[in-house]
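Commentary on secondary and tertiary structure
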Amino acid sequence: ENRIRHESCSSIQVAQIKLLRALSSLEHPKPSESNDQIILPPNTQQHEKVWKKLNGLSTVTGVLIELTIESSELSSNSSDGADLFADAALLAWNHVNSLLQLADSTDPESIEEPPPIPQPPERTSPGQTQTINKGEGENKAEDGAEEGDKEVGDQQEEQEGGDSTETDKVHEGADGEKSTTSVARAVVGPSLRQIATDILRAIGKTLRWVRFDDAFLVASLCLRLSNLFEKRDRREDAVKTLQDGIEMLYRTRTDLLLINQPSGTRWEDLHALPSIRISTDFQGSDHKTLTALEQALAYLQVDLLHALYRNILLGAVDDYRKVYAAREASHAHSRLQRTKDQNILGTKSRKQMNEEIRQARSDKYRPLVPPPSREREILAACNKNSYEKAILLIEMARLPRKSAEREQLLLQAIEYLEKASLEEELLEKQIRMEPSSQRHRIPPSPRLLMRSATQMIFTADSWMQLKGDGRTVASFALYCKEEGSGVAVSLNNVECHGSGIPKAAGETFSVKGLQPNETYVFAVAAFDEGGKVIEGIGETSLPVAALLPLPILQIWSHISLSAWEMGLTQISLSSSRKLYNVFVHEGPMVRSWEQTALSQDTLVFEALDRAPPPLLRTFAMVLCNLAHYGLSKATIDPSQDEQAPSVDVDRLRLRACKKIMMAIYVCMSIRDDTLACRAVMQLYHAVIPSLKKKTKHDSIGQTLLLAW
């Protein structure tokens, strides 16, 4: 504080001092400078210590969001104090996270309410109306006389009270000095939930301008913050927080791809694979694959996109419901006005009254889904990103709809997911293709090295000209355009930054400033030593979407789990097969009388070792659903004797148990004890019917032993 008064400090140093002062007040609270006496709100008096702690944390976060530091002033070095602001935000999060459950149990915060619905007056006859109006006039006159007497008395009391107040304010002591005293004013403080919400909002704002190097931690924190905002019906805050987290993931994933780009341009390295698809085959590859961090960020991005579109859709539903509420208030006001105008327009007819009753009943309806036009608008905003379209359609199907509508939406999501898978296969096939050893009239299409939402890197393959063409290729230039305009790539397509610039053979072309979720086509042109084009523009490449890929298997698992919850069994089973074929090796097909009680399916441990925990967790849930479906097929007709032998039923039951045992193994490999215990309980209930029948079979004992 002395440095601030007497020395010239930078904005970062002033911000540090303010923040340290607020942090110090957490352990050593200072008395309030104002004379207001803060009263705890209702249902909060018994949590006075918690209220004081949250109030201190709100002081810290209030300092953070009031700082006027530009992000360009901060760097990754700890000497400039950037870590201090990030650590303060994380400290506030760690403290408030343990108090959220208690804060949510108190009074809710104030939210925006729809327009009030006016209540119509009681119906009266015309004679009664005149009497009432006359009585109201007399009462108003009497009230006016009383108010006049009261005003005179109040003026006298105010004069006397003013004299006494001035006497109380000024006290003369024995030494003749005068002292003034101020009267404390009682102010009701905010509720616990309101303070917690303000702290969460401030933490989200702080993470936006502080350069924090742990993208996984910040994105996970954004996801948890959005869930808390969603519980508080703060849709806009949740959407903004999720958008910040997704933007950080995109930026970090792009930086990792750029860092891992080599200096060489050998086509055998296939460095574009991580930017084309997330490794979903797990069959092993001698080429570059994603690192564990890159996989974790990609899978976390799927969760953030699900939460983002869920909040966008729920926000659209809230806006739609407000429209209905406003219309109900408008209709109620019109009905009330018509009732008041009965003296002029006459008494309402029975038909009018029935129409008003029907209108009032219909106005009570509130929509549960957004309007179709709004849904189409949200879907169109995804542009040509098939991954995000599939995720959006899954969230649209999760809204309360009819079963046929949900099925149609999930089928559309499957179509987009298959389209994304096909695009990945075509791009991978193109980059795996060896450079042609034959002679061609024009240069071949460029080879992709890396793609992201706003940037792509290419290289030009060697070109063998036709015989007789003695011109020497000195350089290449890359050209690009958006797909779909109906015109091939030409030498005039130089709108993108980095296109149309000749470079020596072997160098890479970096095209920046691309529109996210848009598809582009590329081509190269060769130039001789004099700078003239040789044989015009080359072959056009396949359309390449400006985006980062998402794990398709994870989205398949979300379709399977969502369809299972909605009762769409066939869609759930077909989607489950996508994961089952990757992680499980099915046994050989044998004749029915040679089949064993337990299936010959085994887990592919290599795939399990390379898969990230989020995918394994959803795969374990898919296995439990498959087992539940198998147990439902093994249900015996109640009319049948329970003691009667049923080899086929027992075989189906034990094969379902095999799937549950595989799910238990997967859960234990990722140390998910909760999901593992649920699977064990499911296994126990699956074996009980066979134990009740006292069926003697080695597979039952093997099942119980493995479960134990």
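One can find the structure itself at the top, above this paragraph.
Residues numbered from 1 in each chain as written. Predicted model: local features only at pLDDT ≥ 70, side-chain atom pairs only at ≥ 80, totals over all residues. Heavy atoms only, no water.

**Re the overall build of the protein**
If you tally the helices and strands in the protein, you get 23 helices and 14 strands. Taking as baseline every contact in the protein between residues at least 6 positions apart, the subset at least 24 positions apart corresponds to 74%. Split by element, the accessible area of the protein, about 39700 Å² in all, is 51% carbon and sulfur. (Helix = DSSP H or I, 4+ residues; strand = E, 2+ residues; numbered from the N terminus. Contact = heavy atoms within 4.5 Å. Areas by Shrake-Rupley, 256 points an atom, 1.4 Å probe, with all protein chains shown as cover.)

**A word on the packing of helix α11 (residues 292-340) against helix α15 (residues 386-398)**
Orientation of α11 relative to α15, taken along the N-to-C sense of each, is 50°, at an axis distance of 9 Å. The angle between α11 and α15 places the two elements in the oblique class. Seen from above, α11 lies across α15 with right-handed handedness. The segment α11 lies against α15, with V302, L305, H306, Y309, R310 and L313 engaging E388, I391, L392, I394, E395, M396 and R398. Tallied by class, the residues present in the contact of α11 with α15 amount to eight nonpolar, one polar and four charged. (Axes fitted to C-alpha atoms, helices over the stretch in contact; angles between N-to-C directions. Parallel < 35°, antiparallel > 145°, perpendicular 65-115°, else oblique. Left-handed = near helix turned anticlockwise from the far one by under 90°. Nonpolar A, V, L, I, M, F, W, Y, C, P; charged D, E, K, R; others polar.)

**Some details on the sheet that holds strand β9 (residues 508-512)**
Two strands in a sheet stick together by hydrogen bonds in their backbones, pointing the same way (parallel) or opposite ways (antiparallel). The strand order across the open sheet formed by three strands is β5-β6-β9, and the pairing between neighbours is antiparallel. A strand with exactly one partner marks an edge of an open sheet, and here the two such strands are β5 (447-451) and β9. Here the average twist between neighbouring strands, direction ignored, is 25°. Pairing of β5 with strand β6 (residues 455-459) involves four bridges; the strand directions are antiparallel. Bridge pairing in β6 links L448 to F458. (Pairing = 2+ DSSP bridges.)

**With respect to the packing of helix α8 (residues 215-231) against helix α9 (residues 235-259)**
Relative to each other, α8 and α9 sit at 165°, their axes nearing to 8 Å. On the basis of the axis angle, α8 is roughly antiparallel to α9. Both α8 and α9 take part in a crossing whose hand is left-handed. Of α9, the residues touching α8 (which contributes A215, V218, A219, C222, L223, L225, S226, F229 and E230) are R235, D237, A238, T241, L242, G245, M248, L249 and T252.

**With respect to unusual backbone geometry**
Phi at D233 is positive, roughly 60°, even though this residue is not glycine. Considering the arrangement of structural elements, one finds D233 in the loop between α8 and α9. Backbone geometry places R671, a non-glycine residue, at a positive phi of 60°. With respect to the helices, strands and loops of the structure, R671 is situated in the loop between α21 (647-669) and α22 (673-692).

**Comments concerning the packing of aromatic side chains**
Overall, the coordinates contain five aromatic pairs when judged by the stated rule. When the ring of Y324 is compared with that of Y365, the centres are 5.7 Å apart and the planes differ by 70°; the resulting orientation is edge-to-face. Here the residue Y324 occupies a position in helix α11, and Y365 occupies one in the loop between α13 (350-363) and α14 (372-381), the gap between them amounting to 41 residues. Residue class for Y324 comes out buried when judged on its relative accessible area of 14%. A residue is classified by how much of its surface remains accessible, and Y365, at 48% relative accessible area, is partly exposed. For the ring pair F458 and F522, a centre distance of 4.3 Å and an interplane angle of 40° mean the geometry is tilted. Residue F458 is found in strand β6, and its partner F522 is found in strand β10 (residues 519-527); the two are separated by 64 residues along the sequence. Among the aromatic residues, ring-to-ring pairing joins Y320, Y324 and Y365 into one connected group. The residue whose ring lies beneath R327 is Y324, and the NZ or CZ to ring-centre distance is 4.4 Å. (Phe/Tyr/Trp six-rings, centres within 6.5 Å; stacked < 30°, edge-to-face > 60°. Buried < 20%, exposed > 50% of the residue type's maximum accessible area, 1.4 Å probe, protein only. Lys NZ or Arg CZ within 6 Å of the ring centre and 35° of its normal.)

**Digging into the nonpolar core**
If you look at the biggest cluster of nonpolar residues, it comprises 122 residues, and the most contacted ones within it are L54, V96, I203, I555 and F583. Considering every element that reaches this core, the biggest residue donor is α11, with twelve residues. Non-local contacts of L54, meaning those with residues more than four positions away in its chain, are made with V96, L99, L192, I195 and I199. Among the nonpolar cores identified, the runner-up in size contains 24 residues, and I276, M456, F458 and L514 belong to it. (Core = buried A, V, L, I, M, F, W, Y, C linked by side-chain atoms within 4.5 Å.)

**Side note on the state of the cysteines**
The full count for this structure, using the stated rule, is zero disulfides. Here C480 stays free of any disulfide, with the sulfur of C496 as its closest cysteine sulfur at 3.3 Å. The exposure class assigned to C480 is buried, which follows from its relative accessible area of 1%. We note that C677 lacks a disulfide partner, and the nearest cysteine sulfur, in C667, lies 9.3 Å from it. (Disulfide = S-S within 2.5 Å.)

**Side note on a negative patch on the surface**
A cluster of like negative charges, contributed by D83, D87, D213 and D214, occupies part of the molecular surface. Judged by relative accessible area, which is 35%, D83 ranks as partly exposed. (Patch = residues over 30% accessible without salt bridge, like charges linked within 9 Å, V, L, I, M, F, W, Y side chains within 5 Å. Salt bridge = Lys/Arg side-chain N within 4 Å of Asp/Glu carboxyl O. Lys, Arg positive; Asp, Glu negative; His and termini not counted. Charge placed at Lys NZ, Arg CZ, Asp CG, Glu CD.)

**Concerning the environment of V50**
With respect to the secondary-structure elements, V50 resides in helix α3 (residues 48-66). Note: C-alpha distance between V50 and L102 (52 residues apart in sequence) is 8.9 Å. With residues near it in sequence (within four places) discarded, V50 still touches L99, L102 and L192.

**Considerations on the pattern of salt bridges**
According to the stated counting rule, one finds 22 salt bridges in the structure shown. In this structure, the salt-bridge partner of E518 is K384, at a minimum N-O distance of 3.1 Å. You can see E518 sitting in the loop between β9 and β10 and its partner K384 sitting in the loop between α14 and α15, a full 134 residues away along the chain. Exposure remark for K384: the relative accessible area of 29% places this residue in the partly exposed category. E395 serves as the salt-bridge partner of R398, at 2.8 Å between the closest nitrogen and oxygen. With R398 and E395 both in helix α15 and three residues apart, this pair spans about one turn of that helix. Of the residues examined, E395 reaches a relative accessible area of 3% and is grouped as buried. Where salt bridges share partners, they join D198, R201 and D237 into one cluster.

**Remarks on the pairing of β6**
When you tally the buried positions in β6, you get five out of five residues, the bulk of the element. Judged by which residues are buried, β6 turns out to be covered on both faces: Q455, I457 and T459 on one side and M456 and F458 on the other are all buried. Here β5 hands over to β6 after three residues, the two strands then running antiparallel side by side.

**With respect to a nonpolar patch on the surface**
Taken together, L422, L426 and L542 make up a surface patch of nonpolar side chains, about 240 Å² in accessible area. Relative to the assigned elements, L422 resides in helix α16 (residues 403-432). For L422, a relative accessible area of 47% translates into the label partly exposed.

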